[in-house]
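# Architecture at a glance
Now for the letters of each chain:
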Amino acid sequence: MKALVLEAVKKLSLRDFPIQETVGLYDVKIQIKACGICGSDVHYYLEGGIGDFIVKEPMILGHEAAGVVVEKGAKVVAGSCYADYLNSFAAGGAVR
Ligand SMILES: [Zn+2]
């Protein structure tokens, strides 16, 4: 998996990170299709922080993502977790 990492103020890198191959009983694996960069990310990039939060070590930017559920754990059903909000998870279903 690749991720955009803020290494320092105005310094970005695209790094590879390993992903966990096995999906736990309560986990959902989502193939990310798009990821937004929001105003907080812009402050982190330009100023190294926002408000009281100061970036002190490399940090992955982009926390607003959309993707497709490609796998789910055996115990993930509607009502068991975040799935309540999304109504249900199914392989091939979209998460927005
Ligand atoms: Zn945000």
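Calculation criteria
- Residues numbered from 1 in each chain as written.
- Predicted model: local features only at pLDDT ≥ 70, side-chain atom pairs only at ≥ 80, totals over all residues.
- Helix = DSSP H or I, 4+ residues; strand = E, 2+ residues; numbered from the N terminus.
- Contact = placed C-beta atoms within 7 Å.
- Pairing = 2+ DSSP bridges.
- pLDDT = per-residue confidence, 0-100.
- Buried ≥ 20, exposed ≤ 12 C-beta atoms within 10 Å, placed from the backbone.

A count of helical and extended segments in the protein chain gives two helices and eight strands. Long-range contacts, defined here as pairs at least 24 residues apart, represent 61% of the contacts in the protein chain between residues at least 6 apart.

Here we take up the sheet that holds strand β1 (residues 2–8). Within a sheet, each strand pairs with its neighbour through backbone hydrogen bonds, oriented either parallel or antiparallel. Ordered in space as β2-β1-β6, the three strands form an open sheet in which the pairing is antiparallel. Pairing within the sheet leaves two strands with one partner each, and these edge strands are β2 (11–16) and β6 (59–60). Two elements, β1 and β6, share two bridges in a ladder whose sense is antiparallel. Residue L6 lies in a different strand from β6, and its bridge partner there is M59.

This paragraph deals with the confidence of the model for the protein chain. Of all residues in the protein chain, 80% have pLDDT values of 70 or greater, and the mean over the chain is 84. Predicted confidence in the protein chain is weakest over helix α2 (residues 83–86), with a mean pLDDT of 50, and strongest over β2, with 97.

As a further point, take unusual backbone geometry. The backbone of K10 shows a phi angle near 60°, a positive value even though the residue is not glycine. Inspection of the secondary structure puts K10 in the loop between β1 and β2. Assessed through the 10 C-beta atoms surrounding it within 10 Å, K10 is described here as exposed.

Mapped onto the elements of the fold, D16 is located in strand β2. A tally of 8 C-beta atoms within 10 Å means that D16 is categorised as exposed. Along the backbone, D16 and K2 are 14 residues apart, and their C-alpha atoms lie at a distance of 4.5 Å.

The next point concerns the environment of G36. Topologically, G36 is positioned in strand β3 (residues 28–36). A residue is classified by how many C-beta atoms lie within 10 Å of it, and G36, with 10 of them, is exposed. Separated by 28 residues in the primary sequence, G36 and E64 have C-alpha atoms spaced 5.3 Å apart. Beyond its immediate sequence surroundings of up to four residues, G36 is in contact with G62 and E64.

Moving on to the environment of K11. Inspection of the secondary structure assignment puts K11 in strand β2. What makes K11 exposed here is the crowd of 10 C-beta atoms within 10 Å. Through-space distance from the C-alpha of K11 to that of L46 is 9.2 Å; in sequence the pair is 35 residues apart.

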